[in-house]
Amino acid sequence: MRRRPSTDEDILLFRQALEEVGVQRLNTNRADPGKPRNHSREALAERRAAAIDTSSTMSASRTSDGRVEAVTPSAFLDFSVTDLPYRTHAQLKRGRILWEAGLDLHGYTLNEARLELEQFLIDAKARRSRCVLVVHGKARNNAMDSYPVIKSHVNAWLREWPSVLAFCSARELDGGTGAVYVLLRRRGDLL
């Protein structure tokens, strides 16, 4: 059966139906991190200094900043525990496991990003989420960065987190190499 081309009347009826059920056009396709950002040179320099300052590690933190391997902005991140089934890991890499919550770390200092990520993972586990999305960015906007600081640390932190079974860079639709899908252990998982 061949599909007939849409007419102007079909398109108008479709748009009216969307309006009637309350669908609104999006004005932007960017995530809202929830806080206004300061883009001044001083603020960028301050965030950069705070991001690379590893002397102020928090004792209550589950993650560390020791020996973080720098990754490139376009590096594909990929990790899984050894006993994770290949099929599950492959589904995660293809974006076939739907993510249930997301976190955007743009604009945070290193310590703020760590705290936000830890709280997000704790909350996701409490909600029994199976897969979440973490947007870490690629740090291409700041010429002072020789590598993406937050991305490199997220790569290290997630490997240390006990409830993380696997993570990998997202599909382009969800942020590409500027984001990761994170597969979480649920209570009772045998893995």
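Here's a quick rundown of the structure.

Calculation rules
- As a convention, each chain's residues are numbered from 1 in the sequence order in which they are written.
- Only residues with pLDDT of 70 or above have their local features reported here, since the model is predicted, and side-chain atom pairs are shown and tallied only from 80 upward, although totals for entire chains, interfaces and linings are computed over all residues.
- Side-chain measures were taken over the full set of non-hydrogen atoms in the model, leaving aside hydrogen atoms and water.
- The helix and strand labels rest on DSSP assignments: H or I over at least four residues marks a helix, E over at least two residues marks a strand, and numbering proceeds from the N terminus.
- The buried label goes to any residue with under 20% of its type's maximum accessible area, the exposed label to any with over 50%, and the partly exposed label to all in between, with areas taken from a 1.4 Å probe on protein chains only.
- In what follows, a contact means two residues having at least one pair of non-hydrogen atoms within 4.5 Å.
- Two strands make a pair as long as DSSP finds a minimum of two bridges between them.
- To obtain each axis, a line is fitted to C-alpha atoms, and for helices this fit is confined to the stretch in contact; angles are then taken between N-to-C directions over 0 to 180 degrees.
- Put simply, a nonpolar core is a bunch of buried Ala, Val, Leu, Ile, Met, Phe, Trp, Tyr and Cys residues held in one set by side-chain atoms that sit within 4.5 Å of each other.

1. Looking at the environment of Leu-105
As for its placement among the helices and strands, Leu-105 is situated in the loop between strand 2 (101-104) and helix 4 (110-126). For Leu-105, a relative accessible area of 1% gives the class buried. Taking the C-alpha atoms as reference points, Leu-105 and Ala-179, 74 residues apart in sequence, are found 9.6 Å from one another. When residues no more than four places from it in sequence are discounted, the contact partners of Leu-105 are Ala-113, Glu-116, Val-134, Val-135, His-136, Ile-150 and Val-154.

2. Describing the sheet that holds strand 1 (residues 78-80)
Ordered in space as 1-4-5-3-2, the 5 strands form an open sheet in which the pairing is mixed. The sheet is open, and its two edges are formed by strand 1 and strand 2, each paired on a single side. Taken pair by pair, the neighbouring strands of this sheet meet at an average axis angle of 20°, ignoring direction. Note: strand 4 (residues 164-169) against strand 5 (residues 179-184), 5 bridges, orientation antiparallel. Across the sheet, the residue bridging to Ala-166 is Leu-183, located in strand 5. Across the sheet, helix 5 (residues 149-160) is in contact with strand 1, strand 4 and strand 5; its angle to strand 4 comes to roughly 160°.

3. Thoughts on the nonpolar core
Formed by 41 residues in total, the largest nonpolar core has its most connected members in Leu-92, Leu-105, Leu-117, Leu-158, Phe-167 and Val-182. Elements represented by at least two residues in this core include exactly strand 2, helix 4, strand 3 (131-135), helix 5, strand 4 and strand 5. Contact partners of Leu-158, with chain neighbours within four places excluded, come to Leu-117, Leu-121, Val-164, Phe-167, Val-180 and Val-182.

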